[in-house]
Amino acid sequence: MTLFLDGMIIKNMSFKAGETLTIVGVPKPDATNFAINIGPDETEITMHINPRFNSKGDENAVVCNSYQKGSWGEEHREGGFPFHQGEEFKVVIEFAPTEFQVTLSDGSKIHFPNRMGAEKYSCIGFDGEVRVTSFEIKQTCSHPGIWGN
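Residues numbered from 1 in each chain as written. Predicted model: local features only at pLDDT ≥ 70, side-chain atom pairs only at ≥ 80, totals over all residues. Heavy atoms only, no water.

Within an unreviewed UniProt entry, the label attached to the protein reads Galectin, and the organism entered is Gasterosteus aculeatus aculeatus.

Right, here's the structure in full:
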């Protein structure tokens, strides 16, 4: 079963521990929800970020989860809700070996465990009512003094 349904899918790419993924996009003006999915392939998701404006019983909530071996894990809710229909957002995902550290547009954070435990994922998908305008993977600077940041 393919979980990355009718949105954009980026396959055969490399998002590794120690890297940061930055996504910029705009939810549609009448969006109820959208999702960012990271996984080893199209059938499993290690990090599902699902901002819900009004969907699945949630209102203005960011729900995170994973999908492994045919079933969803326990839902995780944390951070604020800086998303607005029709307005640009930025999501920054830092991939540490044991967790994903997500920073939302308002500076609020989500810490989500790397439930699959892999150090590299090769499939990223975007689903739902959103237009992604920018997507970038960069090495996370772990030694700010050396790089002058």
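Colleague: When you look at the sheet that holds strand 10 (residues 99-103) in this model, what are you seeing that I'm missing?
Modeller: Paired through their backbone hydrogen bonds, the strands of a sheet run either parallel or antiparallel. Read across the sheet, five strands follow the order 11-10-9-3-14 without closing on themselves; strand pairing throughout is antiparallel. Of all the strands in the sheet, just strand 11 (109-113) and strand 14 (130-139) have a single pairing partner and so form its edges. Sheet twist, expressed as the average angle between the axes of neighbouring strands with direction ignored, equals 20°. Note that strand 3 (residues 19-27) and strand 9 (residues 89-95) share six bridges and pair antiparallel. Residue pairing for strand 9: Thr20 is matched across the bridge by Glu94. (Pairing = 2+ DSSP bridges. Helix = DSSP H or I, 4+ residues; strand = E, 2+ residues; numbered from the N terminus. Axes fitted to C-alpha atoms, helices over the stretch in contact; angles between N-to-C directions.)

Colleague: Where do I start with unusual backbone geometry in this structure?
Modeller: Although it is not a glycine, Asn12 adopts a positive phi angle of roughly 55°. Position of Asn12 relative to the elements: it lies in the loop between strand 1 (8-10) and strand 2 (15-16). With phi around 50°, Asn60 is a residue other than glycine that occupies positive phi space. Tracing the sequence through the fold places Asn60 in strand 6 (residues 58-68). Given a relative accessible area of 44%, Asn60 falls into the partly exposed group. (Buried < 20%, exposed > 50% of the residue type's maximum accessible area, 1.4 Å probe, protein only.)

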